[in-house]
Amino acid sequence: MKNWIFGLALLALGSGCNQTQAASPTVVKLAEVGLEYSLPPGWKKEKDNQLANAEDNLVVQFTETDPAEAGAAGLKVMAERLKTRFEEVKFQGEPVERQSNGLHLFTMRGSGKVKNLPAEWELVLLEGGPKPFLLVEIASGSLEKHRPVLDQLASSFKVSEGVSLPVVATATPVASETPVALETSMAAETPAAEETPEE
């Protein structure tokens, strides 16, 4: 899996994003994973799939994930890796699942410190598209004050038009053998009765 724990120092507590800044919702296509999303108004987009809000106190990073790390169990493994980048990492409950635009979204939240400054994080694993995809959301201070826009961002993800979904192989049922009729079998095994000669 790619190094999706990006340079947390960029959170900046000042992310340094200086690229595209959206004045209204803008549809952004991610050709490499066959998905698209709506960039929130006022947010800035870097070339490396990193976003930041206008105040530079919220950063969102996108990345592909290992298909073997799937569902709630896979998301917990990814959350454990945050301990190598954050200080004092804490988890807030278990992963939660919901659906949006035909995708399965698994979410897990927690907190920690970046450069000794308090931060809160959220991981959102998107499955059901061409490839599994992860959103890493990190906020300086409270993440909950950004809840409406973060939920809107995650819910805006969908499979781009014209993109084919992978075909899931299904097991072909094995035809059962036709049992031999019990009476036929018994008749074949029962010896004929011997006739008693007349005196």
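Only a predicted model underlies this, so the values are computations on that prediction, with no experimental measurement involved.

### Brief notes about the nonpolar core
Point 1. In terms of nonpolar packing, the biggest core is built from 23 residues, with Tyr37, Phe62, Phe133, Leu135 and Phe157 touching the most fellow members.
Point 2. Within the residue set of this core, elements represented by two or more residues are β2 (26-30), β3 (35-39), β6 (58-64), β8 (103-114), β9 (117-127), β10 (133-140) and α2 (147-156).
Point 3. What Phe133 contacts, discounting residues up to four positions off in sequence, is Leu30, Val33, Leu35, Phe62, Thr63, Glu64, Thr65, Val124, Leu125, Leu126 and Phe157.
Point 4. Met78, Met108, Leu123 and Ile138 belong to the second largest nonpolar core, which has 16 residues in total.

### Section: helix α1 (residues 71-81)
Point 1. Within α1 the residues assigned to the buried category are Gly71, Gly74, Leu75, Met78 and Ala79. For α1, the angular spread of buried residues about the axis comes to 145°, placing them on one side.
Point 2. The secondary structure elements touched by the buried residues of α1 are β7 (87-100), β8, β9 and β10.

### Concerning the confidence of the model for the protein chain
Point 1. Residues with a pLDDT of 70 or more make up 71% of the protein chain, whose mean pLDDT is 79.
Point 2. A low-confidence stretch, residues 169-188 (pLDDT under 50), is modelled with zero contacts involving residues beyond four sequence positions or located in other chains.

Scoring rules and cut-offs
Residues numbered from 1 in each chain as written. Predicted model: local features only at pLDDT ≥ 70, side-chain atom pairs only at ≥ 80, totals over all residues. Heavy atoms only, no water. Core = buried A, V, L, I, M, F, W, Y, C linked by side-chain atoms within 4.5 Å. Buried < 20%, exposed > 50% of the residue type's maximum accessible area, 1.4 Å probe, protein only. Helix = DSSP H or I, 4+ residues; strand = E, 2+ residues; numbered from the N terminus. Contact = heavy atoms within 4.5 Å. Arc of directions from axis to C-beta. pLDDT = per-residue confidence, 0-100.

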